[in-house]
Amino acid sequence: MGEIEGTYRILQTPGSRLGAQKTSGVSTLEPGQNLLTAMASSPAKAHERDLPVKIRMLDNTVEVLDIESKCYGQTLLTEVYKHLNLIESDYFGIEFQNIQSYWIWLEPMKPVIKQVRRPKTTMLRLAVKFFPPDPGQLQEEYTRYLFALQIKRDLAEERLTCSDNTAALLVSHLLQSEIGDFDESEDREHLKTNQYLPNQEKLEGKILEFHRKHVGQTPAESDFQVLEIARKLEMYGIRFHLASDREGTKINLAVSHMGVLVFQGNTKINTFNWSKVRKLSFKRKRFLIKLHPEGPYQDTLEFLLGSRDECKNFWKICVEYHTFFRLFDQPKPKAKAVFFTRGSSFRYSGRTQKQLVDYIKDSGMKRTPYERRHSKVRASTRTSNTDVPKQSVPFSEGLRTPGSPASTAAPFHSVHSLASPASIPPMFAEPSPSSLDPRAPYTRIPDKTTAAPVEEAGRKLMQQPGSPVLQGLPVDHPQLSSLVLKSPLGLTPAFQVNLNAVTQGSSPLLSPVLSDAGGARIEEDDEMKRKRYPTDKAYFIAKEILATERTYLKDLEVITVWFRSAVIKENAMPEGLMTLLFSNIDPIYEFHRGFLKEIEQRLSLWEGRTNAHVKGDYQRIGDVMLRNMRTLKEFTSYLQKHDEVLTELEKATKRLKKLEMVYKEFELQKVCYLPLNTFLLKPIQRLMHYKLILGRLCKHYTAEHRDFADCRNALKEVTEMTSQLQHSLIRLENFQKLTELQHDLIGIDNLTAPGREFIREGCLYKLTKKGLQQRMFFLFSDMLLYTSKGVTGTNQFKIHGHLSLHGMLVEESENEWSVPHCFTIYSAQKTIVVAASTRLEMSKWMEDLNVAIEMAKKSTEKSEMLLENSVCNRSNRSSDEVSVEQESEDDIHSSRSSLDRQSHHRANTTMHVCWYRNTSVSMTDHSVAVENQLSGYLLRKFKNSNGWQKLWVVFTNFCLFFYKTHQDDYPLASLPLLGYTVSCPVEADGIQKDYVFKLQFKSHVYFFRAESKYTFERWMEVIKRATSSPARSSLLLPKEKDTHTD
């Protein structure tokens, strides 16, 4: 078998960045040494003859560096980074091809001539070594520019495989960065002389079509868009290493920030997350992954690579990736063996990502301008703002130009350059007409201070008081980079705004946007903006109507636009059902489109953005509400048919396999951020919202106020409608919940049987032969189900047992079993012992069970019949014999199969959140959550970050959904709030702002800042009420629902 040649114990270097104890890895440095002292003390003789080394940079220029013949790799790396003036250098490395023609990384701690066989003739090249999951984590604009060049290289070399549409879109952003705004003849000429894609000629039309849409986008914006698109691709940052598994199947191995990946062809079939890996080692050609024993796989996995060198090379890359992304600190030195060593001593010797980010934030160093060799458009200065995520400068402070530190001259000389740099006009000179041309070529010189030319767009933005830029977040531009405006004389810089796009993500419980990187940040200028707007409470109530109406219209579009398109494309829905569904929802959608325009116009007048001299006549909303509530009464007949629509749609999906497939596929799309049938309930639920909001307006106004009468009459109109639809809504909400559970539970048919009512779902621990095991319980009016979470790609729960409520008895049994919060359920079939996470959870379950048991006694025969028809035939194997694999909240980011796409959406349903948060939710909670929905812009801050990030936030279904703007079609991320507590910040939090609330779950802390006292109180109110509801079911006690009014 042979001895292990190299070992890397993950247990010794745990994922400390994910909350583990702060530990360090090991390094080959001597105690007290760092990289520079190690290089200085190397035995290389001074003034050895120089060795010319050729290095291809990311912009395809070739530089020649004269180095000492015995210098170490770190010396060469340092000189390259110094030449480029590169600050975030640890993301990069130098690679070269060996004799076998595969690429390997230059090691810092070895002499160059011992790694590169023929250094005089070998072409080395600079490349991105570590690809972060989110480009927002890159603090420097220059770093993002180099990353974009890497994506460009990967496209050309066919490493970054993607669809034709995506490839064309990427190239269009690269074109915008390099040659500026769309010009068909110039574009075609540029594409003739520059090869971005192997099949570029075929895609030229698409590239030009996309490029036409990027008018006005700066090079920095284009770079960011390239990275945003690329990072969502499965092949982003992936470098294949050919291997085979134990059965001899040809596979590709790769490594990323999350762990070791396995591909078959270009399809990812497995991910071994760092948290699951215990040890990485290699024996000759065999690469070994040792997993923690609780995993679903065998303890050790083995892969065979082409040679020992290839195997060792891949092992080294894995060691470096794990250290860079998972550790807090640089590894500590490893003590040298006294007599002999066995196996490779290789360890990563650079800075970790955490150290690098902290260094950039804390160093306070001035950042110098840089050069875009290819770009013919306006230059973009690297600002001196040290805290890069905090990206705005108060307008009054003017443009702060970075200093010009003397650059260290590296012994470089350029072999050839693809673009000749043009001269830059002096900063304080009168701008010439040519310098105002945004398409004029500019070059970045590292040791000179420059400023961008005057831009007419900037002047227009400054003149508009309602400009999105002045409000802190651009509506149309995801990123504004160095927007500089000079005075008419060109002497005094007026202001600079730097904004970065909100990041996007995909995790079920904690998405990438909830990481401390990137995002549009707002500072004190937002305070000035706030003071310009009305301060009356009625204005903010009206603004709530506007914000929630925008969200409601987007929700309707999920059905009227997106779902319609899906079923028409596949011809999956019968004509009769198409007519029934869309003839009922389309008129409502069209009405609300007009209603939203009216509200927007009224708020615009109220704020004084237009017709300021008559704005006093428009500082009210009651007349708009009254007029539209009267019109909406005409649509009551459509709303009453929603019961039939929901029922027929569910029947059709059971009957027609094609429709069922389209339905399930659609629910996996990002735009369908809630279960699909939830959107069909929105029109009736919206009436309830109007009733609550109008009630608040009436309470606020005095009887003499000119808007009071209209608001009161509008409230009467909407109350009349809601009273007609109240019973229907309760029935529909129950039906919707049953159908949702039907899709997520394996082992039960016809869960939507007539008469069955949903009561509570949640996590309990069931006592088995193996001890307490986590189970999901579902309580209905006739039975109690318990399930475990399967390891299927669809994230469904598998039913392990069902108990009839007839004859059931529940009693507390903490003393008997010595288990906290424990109670026993006696039923006709069996007796089970379960434990809740808290005493409150136990009391909720026992109360609901007892009430449900009493209700079941009145319908014994019906209940037995429902059970016979519902639960599928199953084996008699005891559920006690079934072991349940449990995932931690951190582990949900990794997928065990190629079904990652399916698990993405379903894991955000209430049952999955209950599973991870060890809590439960009743039907009362769902009903209260429906009443407590809210939308609007909030500023968000993390516990350890400095800047505030502006996001459009939607609160619904116990969850916060985050968007860049209200115009986006789908959320970037979500944060389920079950288990979170909401409170005001304490002094220790160091928050010096008004209207800030704090969300906390264990160590996860977020701060959100509202624009007014009213808005702040509303967010606090809805989150508290939706996450802290009473225990009883609204179906069993319908009057409970009426108590939740303002």
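Residues numbered from 1 in each chain as written. Predicted model: local features only at pLDDT ≥ 70, side-chain atom pairs only at ≥ 80, totals over all residues. Heavy atoms only, no water.

Trainee: What should I look at first to understand the overall build of the chain in this one?
Mentor: Broken down by element type, the chain carries 26 helices and 35 strands. The buried share among the 1046 residues of the chain stands at 58%. A separation threshold of at least 6 residues defines the contact pool for the chain, and within that pool the share at least 24 residues apart is 69%. If you sum the accessible surface of the chain, you get close to 43,500 Å²; carbon and sulfur atoms cover 51% of it. (Helix = DSSP H or I, 4+ residues; strand = E, 2+ residues; numbered from the N terminus. Buried < 20%, exposed > 50% of the residue type's maximum accessible area, 1.4 Å probe, protein only. Contact = heavy atoms within 4.5 Å. Areas by Shrake-Rupley, 256 points an atom, 1.4 Å probe, with all protein chains shown as cover.)

Trainee: Is there a simple way to think about the environment of F325 in this case?
Mentor: As for its placement among the helices and strands, F325 is situated in helix 8 (residues 308–326). Taking the C-alpha atoms as reference, F325 lies 5.9 Å from H257; in sequence the two are 68 residues apart.

Trainee: Even after reading the chapter, I still don't get the state of the cysteines, so can you show me in this structure?
Mentor: Such a bond, covalent and formed between the sulfur atoms of two cysteines, is termed a disulfide. This model, assessed by the stated rule, comprises 0 disulfides. No disulfide involves C318; its nearest neighbouring cysteine sulfur is the one of C311, lying 9.5 Å away. (Disulfide = S-S within 2.5 Å.)

Trainee: Hey, could you run me through the pattern of salt bridges in this one?
Mentor: Pairing is possible between side chains that carry opposite charge, provided their charged atoms lie close to one another. Scanning the model with the defined rule gives 45 salt bridges in all. K664 serves as the salt-bridge partner of E660, at 3.3 Å between the closest nitrogen and oxygen. Separated by 4 residues within a single helix, E660 and K664 lie in helix 17 (residues 657–667), roughly one turn from each other. Sharing partners across several salt bridges, the network here consists of E544, R696, R1018, E1021 and R1025. (Salt bridge = Lys/Arg side-chain N within 4 Å of Asp/Glu carboxyl O.)

Trainee: When you look at the side chain of E228 in this model, what are you seeing that I'm missing?
Mentor: With respect to the helices and strands, E228 occurs in helix 7 (residues 219–230). Under the relative-accessibility criterion, E228 is labelled buried at 3%. Polar contacts involving the side chain of E228 include one to the side chain of R231, which spans 3.5 Å. (Polar contact = N/O pair within 3.5 Å; in protein donor to acceptor, adjacent residues only side chain to side chain.)

Trainee: Would you mind going over unusual backbone geometry with me for this structure?
Mentor: One can expect most non-glycine residues to show negative phi and most peptide bonds to be in trans. For Y995, which is not glycine, the phi dihedral falls at a positive 60 degrees. Within the secondary structure, Y995 is located in the loop between strand 33 (981–983) and strand 34 (996–1001). For K1002, which is not a glycine, the phi torsion comes out positive at approximately 55 degrees. For K1002, the location among the structural elements is in the loop between strand 34 and strand 35 (1004–1009). K1002 sits in the exposed class, given a relative accessible area of 66%.

Trainee: Before we go on, may I ask you to explain helix 18 (residues 676–700) in this structure?
Mentor: Residue pairs three or four apart in sequence face the same way in an α-helix, which turns once every 3.6 residues. When the terminal C-alpha atoms of helix 18 are compared, their 37 Å separation across 25 residues agrees well with the 36 Å that a helix rising 1.5 Å per residue should span. A bend of about 45 degrees at K682 is the largest found in helix 18, and the proline P683 appears one to four places after it. Helix 18 sits mainly inside the fold: 22 of its 25 residues count as buried. (Expected span 1.5 Å × (residues − 1). Bend = angle between axes of the 7 residues up to and from the residue.)

Trainee: Even after reading the chapter, I still don't get the pairing of strand 4 (residues 62–68), so can you show me in this structure?
Mentor: As a general feature of sheets, a regular strand has side chains that alternate between the two faces. By the criterion of burial, strand 4 is predominantly enclosed, with 5 of the 7 residues buried. In this structure, strand 3 (residues 50–56) lies alongside strand 4, joined through 7 bridges in antiparallel fashion. Bridging from a neighbouring strand, R56 pairs with V62 of strand 4. (Pairing = 2+ DSSP bridges.)

Trainee: Explanation requested: the confidence of the model for the chain in the structure shown.
Mentor: In regions of low pLDDT, the predicted coordinates are not meant to be interpreted in detail. Of the residues in the chain, 69% have a pLDDT of 70 or more, and the chain-wide mean is 74. Here residues 378–410 scores under 50 on pLDDT; set against residues more than four positions off or in separate chains, the count is 102 contacts. Under a pLDDT of 50 for its full length, residues 610–615 has, in the predicted model, 5 contacts with residues more than four places off or in other chains. (pLDDT = per-residue confidence, 0-100.)

Trainee: Whenever I open this one, the packing of helix 14 (residues 622–632) against helix 18 confuses me. Can you help?
Mentor: Two quantities define a packed helix pair, namely the angle between the helix axes and the distance between the axes. Orientation of helix 14 relative to helix 18, taken along the N-to-C sense of each, is 150 degrees, at an axis distance of 13 Å. Classed by the angle they form, the pair helix 14 and helix 18 counts as roughly antiparallel. At the point where helix 14 passes helix 18, the crossing takes the left-handed sense. The residues of helix 18 that touch helix 14, namely those facing M625, M629 and L632, are L687, Y690 and L694. (Axes fitted to C-alpha atoms, helices over the stretch in contact; angles between N-to-C directions. Parallel < 35°, antiparallel > 145°, perpendicular 65-115°, else oblique. Left-handed = near helix turned anticlockwise from the far one by under 90°.)

Trainee: So what exactly am I meant to see when it comes to the environment of S837 here?
Mentor: Within the secondary structure, S837 sits in the loop between strand 27 (831–835) and helix 21 (839–856). For S837, a relative accessible area of 30% puts it in the partly exposed group. Taking C-alpha positions, S837 is 9.6 Å from R917, a pair spaced 80 residues apart along the chain. If we skip the residues at most four places from it in the chain, S837 touches H821 and N918. Within the structure, S837 has its side chain in polar contact with the backbone oxygen of N918 (distance 2.8 Å).

Trainee: Would you explain the packing of aromatic side chains in this entry?
Mentor: Any pair of aromatic rings gets described here by the distance separating the centres and the angle formed by the planes. What the rule picks out here adds up to 34 aromatic pairs. Judged by centre distance (5.5 Å) and plane angle (20 degrees), the ring pair of F997 and F1008 falls under stacked. Of this pair, F997 sits in strand 34 while F1008 sits in strand 35; the two residues are 11 residues apart in sequence, bridging distant segments of the chain. Assigned by exposure class, F997 and F1008 land together as buried. The side chain of K950 reaches across the aromatic face of Y937, ending 5.0 Å from its centre. (Phe/Tyr/Trp six-rings, centres within 6.5 Å; stacked < 30°, edge-to-face > 60°. Lys NZ or Arg CZ within 6 Å of the ring centre and 35° of its normal.)

Trainee: Would you mind showing me how to read the nonpolar core here?
Mentor: When a protein is soluble and globular, its nonpolar side chains tend to lie buried together. Within the largest apolar cluster, 99 residues are counted, with the highest numbers of intra-cluster contacts made by L76, F92, L280, F287 and I289. Examining the composition of this core, we find that 9 residues originate from one element, helix 8, more than from any other. One finds L639, Y673, L680 and Y690 within the second-largest nonpolar core, a separate group that totals 81 residues. (Core = buried A, V, L, I, M, F, W, Y, C linked by side-chain atoms within 4.5 Å.)

Trainee: What is the right way to read the pairing of strand 34 from this model?
Mentor: When you tally the buried positions in strand 34, you get 5 out of 6 residues, the bulk of the element. The pairing of strand 34 with strand 35 spans 6 bridges and is classified as antiparallel. For Q1000, the partnering residue across the bridge sits in strand 35 and is V1005. Between strand 34 and strand 35, which pair antiparallel in sequence order, lie 2 residues; one of them, K1002, sits at a positive phi of approximately 55 degrees.

Trainee: Any chance you could explain the packing of helix 3 (residues 141–156) against helix 4 (residues 164–179) here in plain terms?
Mentor: Contact geometry for helix 3 and helix 4: axes closest at 11 Å, N-to-C directions at 130 degrees. Between helix 3 and helix 4, the angle is such that the two are oblique. The handedness of the crossing between helix 3 and helix 4 is left-handed. Contacts between helix 3 and helix 4 involve A148, K152 and L155 on the former and, on the latter, L170, L174 and E178. When grouped by side-chain class, the residues that make up the contact of helix 3 with helix 4 number 4 nonpolar, no polar and 2 charged. (Nonpolar A, V, L, I, M, F, W, Y, C, P; charged D, E, K, R; others polar.)

Trainee: Where do I start with the environment of F131 in this structure?
Mentor: Here F131 is to be found in the loop between strand 7 (123–128) and helix 3. Look at F131 and you get buried, because its relative accessible area is 5%. When the C-alpha positions of F131 and F92 are compared, they lie 9.2 Å apart, and in sequence the two are 39 residues distant. Once you skip the residues sitting within four places of it in the chain, F131 turns out to touch F147, Q150, D154, Y236, G237, R239, H257, Y321 and F325.

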